[in-house]
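Letter by letter, the chains look like this.
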Amino acid sequence: APLLSKERERELLSFTKDNNLHFNNLRLLNLAFTHTSYANEHKGAVDNNERLEFLGDAVLGMITAEYLFSSFDRFHEGKFSKIKSVVVSEQSLSEVASAMHFERYLLVGHGEFSQGGTRKKAIQADAMEAVIAALYLDQGLEAAKNFVLSFIPVQVDKVLKNQVSYKDYKTVLQE
């Protein structure tokens, strides 16, 4: 991760405070907010959040599946899959990340920044998965679960109230 200046440390502590989180290792959180474009501009001296994103996707999926399974005994596997695909989607995660003001904390390269990169849905959604992984690595599954369950039930409720469609482009094409 990029070096933690005192200013950056204050920024990250502000994020944790605003979102009721705690990190023992702020470097993990800093890495979670480090986009590839930023790392590329620093020629190998800085890593990016892609590995964390990979792990976070799996942790998010498992926690969401468990939440759906334990909360809705009347649903079948197909319904679970459709709901889960929406609530862990780029659209859903970027909505949550935006509400948490991820754009204030994301480190992106100059070119990406000039193109509004900190507000791009894909970048915010990827960072959300990376933050989930960082929390998981820092404090374990229970902390990651508490964080995910702070927003997933709301997203599930939106799907169930038909405020969000769970028809992605592939489903629409097939139908």
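Before reading further, recall that the structure is shown in the block above.
These notes cover the structure that comes with them. The shown structure was predicted, so the numbers you read here are calculated from the model rather than taken from an experiment.

Notes on the side chain of Arg-8
Here is step 1: As for its placement among the helices and strands, Arg-8 is situated in helix 1 (residues 6-18).
Here is step 2: A distance of 3.1 Å separates polar atoms of two side chains, one belonging to Arg-8 and the other to Glu-11.
Here is step 3: Arg-8 has contacts with Asn-30, Phe-33, Tyr-105 and Leu-107, leaving out every residue within four places of it along the chain.

What to know about the packing of helix 4 (residues 50-71) against helix 5 (residues 77-87)
Here is step 1: Where helix 4 meets helix 5, the axes come as close as 10 Å, and the angle between the chain directions of the two elements is 135°. Our classification of the angle between helix 4 and helix 5 gives oblique. With respect to the hand of their crossing, helix 4 and helix 5 are arranged in right-handed fashion. Between helix 4, through Gly-61, Thr-64, Ala-65, Leu-68 and Phe-69, and helix 5, the contact on the second element is made entirely by Phe-80, Ile-83, Lys-84 and Val-87.

Describing the packing of helix 8 (residues 121-139) against helix 9 (residues 141-148)
Here is step 1: Look at helix 8 against helix 9: their axes get within 6 Å of each other, and the N-to-C directions meet at 145°. Between helix 8, through Met-128, Val-131, Ile-132, Leu-135, Tyr-136 and Gln-139, and helix 9, the contact on the second element is made entirely by Leu-141, Ala-143, Ala-144, Phe-147 and Val-148.
Here is step 2: Of the residues belonging to the contact of helix 8 with helix 9, the class tally is ten nonpolar, one polar and no charged.

Some points on the environment of Lys-158
Here is step 1: The topology assignment puts Lys-158 in helix 10 (residues 152-160).
Here is step 2: Taking the C-alpha atoms as reference points, Lys-158 and Val-86, separated by 72 residues in sequence, lie 9.9 Å from one another.

Points about helix 9
Helical periodicity: at 3.6 residues per turn, an α-helix aligns residues three or four positions apart in one direction.
Here is step 1: Of the residues making up helix 9, those classed as buried are Ala-143, Ala-144, Phe-147 and Val-148. One side of helix 9 carries all its buried residues, which in axial view fall inside an arc of 135°.
Here is step 2: On its buried face, helix 9 sits against helix 4, helix 8 and helix 10.

Here's the deal with a nonpolar patch on the surface
Here is step 1: Among the surface-exposed residues, Met-62, Tyr-136, Leu-137 and Leu-141 lie close enough to one another that they form a single nonpolar patch of about 340 Å² accessible area.
Here is step 2: For Met-62, the location among the structural elements is in helix 4.

Considering the nonpolar core
Here is step 1: Ranked by internal contacts, the top residues of the largest apolar core, which has 49 residues, are Phe-33, Phe-102, Met-128, Phe-147 and Phe-151.
Here is step 2: The set of elements that each furnish at least two residues to this core consists of helix 1, helix 2 (26-32), helix 4, helix 5, helix 6 (90-99), helix 8, helix 9 and helix 10.
Here is step 3: For this core, the element with the most residues is helix 8, which contributes ten residues.
Here is step 4: When residues no more than four places from it in sequence are discounted, the contact partners of Phe-102 are Phe-15, Phe-33, Ala-97, Gln-124, Ala-127, Met-128 and Val-131.

Some remarks on the pattern of salt bridges
Here is step 1: Tallied over the entire structure, the rule returns five salt bridges.
Here is step 2: Linking Glu-95 and Lys-158 is a salt bridge whose minimum nitrogen-to-oxygen distance equals 2.2 Å. Remark: Lys-158 occurs in helix 10 and Glu-95 occurs in helix 6; sequence separation between them is 63 residues.
Here is step 3: Under the relative-accessibility criterion, Glu-95 is labelled partly exposed at 32%.
Here is step 4: With a closest N to O distance of 3.8 Å, Glu-103 and Arg-119 form a salt bridge. A residue pair is termed long-range when its members are at least 10 positions apart, and Glu-103 in the loop between helix 6 and helix 7 (110-114) and Arg-119 in the loop between helix 7 and helix 8 qualify at 16 residues.

Digging into unusual backbone geometry
Here is step 1: Backbone geometry at Asn-20 places phi at a positive 55°, although glycine is not the residue there.
Here is step 2: Along the chain, Asn-20 turns up in the loop between helix 1 and helix 2.
Here is step 3: One non-glycine residue with positive phi stands out, namely His-101, at about 60°.
Here is step 4: Mapped onto the fold, His-101 is located in the loop between helix 6 and helix 7.

Regarding the packing of aromatic side chains
What characterises a pair of aromatic rings is the spacing of the ring centres plus the angle enclosed by the ring planes.
Here is step 1: Summed over all chains, the structure comprises nine aromatic pairs.
Here is step 2: Here the aromatic rings of Phe-15 and Phe-102 are separated by 5.5 Å at their centres, their planes lie at 75°, and the arrangement is edge-to-face. Residue Phe-15 is located in helix 1, and its partner Phe-102 is located in the loop between helix 6 and helix 7; the two are separated by 87 residues in the primary sequence.
Here is step 3: Relative accessible area serves as the criterion here: at 0%, Phe-15 is assigned to the buried category.
Here is step 4: With 6.2 Å between their ring centres and 70° between their planes, Phe-75 and Phe-80 make a pair best called edge-to-face.
Here is step 5: Here the aromatic residues Phe-15, Phe-33, Phe-102 and Tyr-105 are joined through ring pairs into a cluster of three or more.

The rules behind each value
- Residues numbered from 1 in each chain as written.
- Predicted model: local features only at pLDDT ≥ 70, side-chain atom pairs only at ≥ 80, totals over all residues.
- Heavy atoms only, no water.
- Helix = DSSP H or I, 4+ residues; strand = E, 2+ residues; numbered from the N terminus.
- Polar contact = N/O pair within 3.5 Å; in protein donor to acceptor, adjacent residues only side chain to side chain.
- Contact = heavy atoms within 4.5 Å.
- Axes fitted to C-alpha atoms, helices over the stretch in contact; angles between N-to-C directions.
- Parallel < 35°, antiparallel > 145°, perpendicular 65-115°, else oblique.
- Left-handed = near helix turned anticlockwise from the far one by under 90°.
- Nonpolar A, V, L, I, M, F, W, Y, C, P; charged D, E, K, R; others polar.
- Buried < 20%, exposed > 50% of the residue type's maximum accessible area, 1.4 Å probe, protein only.
- Arc of directions from axis to C-beta.
- Patch = residues over 30% accessible without salt bridge, like charges linked within 9 Å, V, L, I, M, F, W, Y side chains within 5 Å.
- Areas by Shrake-Rupley, 256 points an atom, 1.4 Å probe, with all protein chains shown as cover.
- Salt bridge = Lys/Arg side-chain N within 4 Å of Asp/Glu carboxyl O.
- Core = buried A, V, L, I, M, F, W, Y, C linked by side-chain atoms within 4.5 Å.
- Phe/Tyr/Trp six-rings, centres within 6.5 Å; stacked < 30°, edge-to-face > 60°.

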